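Listed below are the residues making up each chain.
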Amino acid sequence: MKEKVQRFLDSDILEKYLLGETSKDETLQAERYITMYPEVRDTYNQLQDNLETFAKMYARKTPEGLKEIILHSAKKEKAVSRKFFSYGIAASVAILILAGASYFFWNQNQNLQMENTLVTNQIKYLEENMKNQLEDVRNQFIVLNNPATKRYRLNGKKEGKELKAVAYINPVKKLSYINVSNVPELPENKCFQMWAEVNGELVNLGVIKQLEDKDKLLALPYADNAIGYITIEPEGGNTSPTVKNIVANINY
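All residue numbers refer to position in the chain's written sequence, counted from 1. Where totals are concerned, whole chains, interfaces and linings use all residues; where local detail is concerned, this predicted model gives features only for residues with pLDDT of at least 70, and gives and counts side-chain atom pairs only at 80 or more. The side-chain values count all of the structure's non-hydrogen atoms but skip hydrogen atoms and water molecules.

A word on the overall build of the chain. Secondary structure is summarised from DSSP: a helix means a run of H or I of at least four residues, a strand means a run of E of at least two, and numbering begins at the N terminus for each. Within the chain, the secondary structure is distributed over 6 helices and 8 strands. Exposure classes here rest on a 1.4 Å probe applied to the protein chains alone. A residue is buried below 20% of its type maximum, exposed above 50%, and partly exposed in between. Per-residue burial for the chain yields a buried fraction of 33% across its 252 residues. Summed over all atoms, the accessible surface of the chain reaches about 16300 Å², with 53% contributed by carbon and sulfur. To measure how exposed things are, a 1.4 Å probe is used in the Shrake-Rupley method; for residues, cover is taken only from the protein chains shown.

The structure is reproduced here in structure tokens:
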């Protein structure tokens with residue numbers, strides 16, 4: 001029985017159940033195990049606490065101006081509706097008199113439609129951006145709480161000897177992240193830059209800056225036998241890594 005419970009805990013069903021992503025059968029199994037086994041119930045309660053803490057840690061403010069954009073769009077649409085209604089009455093009463101003015105109003109309406117399209121596209125962009133951010137936070141939560149996740153500590157050397165980081169690699173979910181908890185000071189004309197070799201291709205992961213949030217996770221591209229490393233480059237970063245300046249590396 002203990003082995004059966006342990007196999008369940010080692011799977012990711014409990015995390016998926018918490019996030020509302022289980023199938024019907026998985027949902028029934030999770031609810032049955034939570035009810036029957038105290039250790040599963042305790043783990044589930046702990047995951048709930050972790051999720052709440054994690055959500056607060058990574059809570060993102062509503063994009064600035066979103067409310068104004070939506071209200072602006074609504075007002076424009078209402079204005080367009082009123083104009084169409086007015087045009088209809090005017091046309092029925094004196095269509096010949098307004099024949100010359102109809103082009104002006106048509107042109108105004110075209111402008112309003114263009115503005116509405118622009119606002120709609122902005123809202124879609126914001127929605128997609130927020131969706132991607134939520135997906136990233138969800139993946140981080142799964143990686144940090146899944147028992148299959150492996151942790152690798154990186155310690156810097158040379159000029160980066162004070163650099164400290166932890167990589168989280170989950171071969172089951174094929175997700176990987178890195179937390180750089182300490183970025184030492186460098187001369188103003190130098191910076192740390194992160195790279196990865198994935199499936200034979202070099203990926204530039206960008207310059208590592210002084211982090212305000214030391215708990216922040218940065219996504220790593222996942223692949224079997226990938227390599228990640230950090231180099232010291234000229235200020236602003238480089239297009240290719242300076243191999244002799246590698247100060248930390250990880251095989252994952």
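There's more to say after this.
By the burial criterion, the buried members of helix H1 (residues 2-10) are Val5, Phe8 and Leu9. Taken end-on, H1 shows its buried residues confined to a sector of 100°, consistent with a single buried face. Turned more than 90 degrees from where H1 packs its buried face, Glu3 and Arg7 sit exposed. What the arc covers is the set of directions going from the helix axis to the C-beta atoms.

A separate point is the sheet that holds strand E1 (residues 150-155). At least two DSSP bridges between two strands are needed for those strands to be called paired. As summarised here, the arrangement of the 4 strands in space is E1-E2-E3-E6, forming an open sheet in which the pairing is antiparallel. Whereas interior strands pair on both sides, the edge strands pair on one side only; in this sheet they are E1 and strand E6 (218-220). Neighbour to neighbour, the strand axes of the sheet diverge by 25° on average, direction disregarded. Inspection of the sheet shows strand E3 (residues 175-182) paired to E6 by 3 bridges, in the antiparallel sense. Following the sheet pairing, Ser176 is matched in E6 by Leu220. Angles here are taken between N-to-C directions and fall from 0 to 180 degrees, while the axes themselves are lines fitted to C-alpha atoms, restricted in helices to the stretch in contact.

So, about the pattern of salt bridges. The term salt bridge refers to a side-chain nitrogen of Lys or Arg lying within 4 Å of a carboxyl oxygen of Asp or Glu. Inspection of the entire model under this criterion finds 4 salt bridges. Here Lys16 ties to Glu26 by a salt bridge, and the two come within 3.3 Å at their closest N and O atoms. Placement of the pair is Lys16 in helix H2 (residues 13-18) and Glu26 in helix H3 (residues 24-36), with a sequence separation of 10 residues. Relative accessible area serves as the criterion here: at 17%, Lys16 is assigned to the buried category.

Time to look at the sheet that holds strand E4 (residues 190-198). A sheet is described by the order of its strands in space; here 4 strands give the open sequence E5-E4-E7-E8, paired in antiparallel fashion. The open sheet has two edge strands with one neighbour each: strand E5 (201-208) and strand E8 (246-251). Across the sheet, the mean angle separating the axes of adjacent strands is 25° when strand polarity is ignored. Of the strand pairs in this sheet, E4 and strand E7 (residues 227-234) are connected by 8 bridges, and their pairing is antiparallel. For Trp195, the partnering residue across the bridge sits in E7 and is Tyr229.

The next subject is the environment of Glu197. Tracing the backbone shows Glu197 in strand E4. The sequence separation of Glu197 and Ala223 amounts to 26 residues, and the corresponding C-alpha distance is 9.0 Å. In what follows, a contact means two residues having at least one pair of non-hydrogen atoms within 4.5 Å. Excluding its chain neighbours within four sequence positions, the residues that come into contact with Glu197 are Leu202, Ala226, Ile227 and Tyr229. Distance and chemistry together define a polar contact, namely a pair of N or O atoms within 3.5 Å, with one atom able to donate a hydrogen and the other to accept it when in protein, and with adjacent residues in sequence counting only for side-chain atoms on both sides. At 3.2 Å, the side chain of Glu197 and the side chain of Tyr229 are in polar contact.

On to H3, then. Note: α-helices contain 3.6 residues per turn, so residues at a spacing of three or four share the same orientation. One fewer than the residue count of a helix, multiplied by 1.5 Å, yields its expected span. For H3, spanning 13 residues, the distance from its first C-alpha to its last is 18 Å, which sits close to the expected 18 Å at 1.5 Å a residue. When we look at burial in H3, the residues that qualify are Glu26, Ala30, Tyr33 and Ile34. Across the axial projection of H3, the buried residues extend over an arc of 100°, all falling on one side. In H3, the exposed residues that point more than 90 degrees away from the buried face are Lys24, Asp25 and Thr35.

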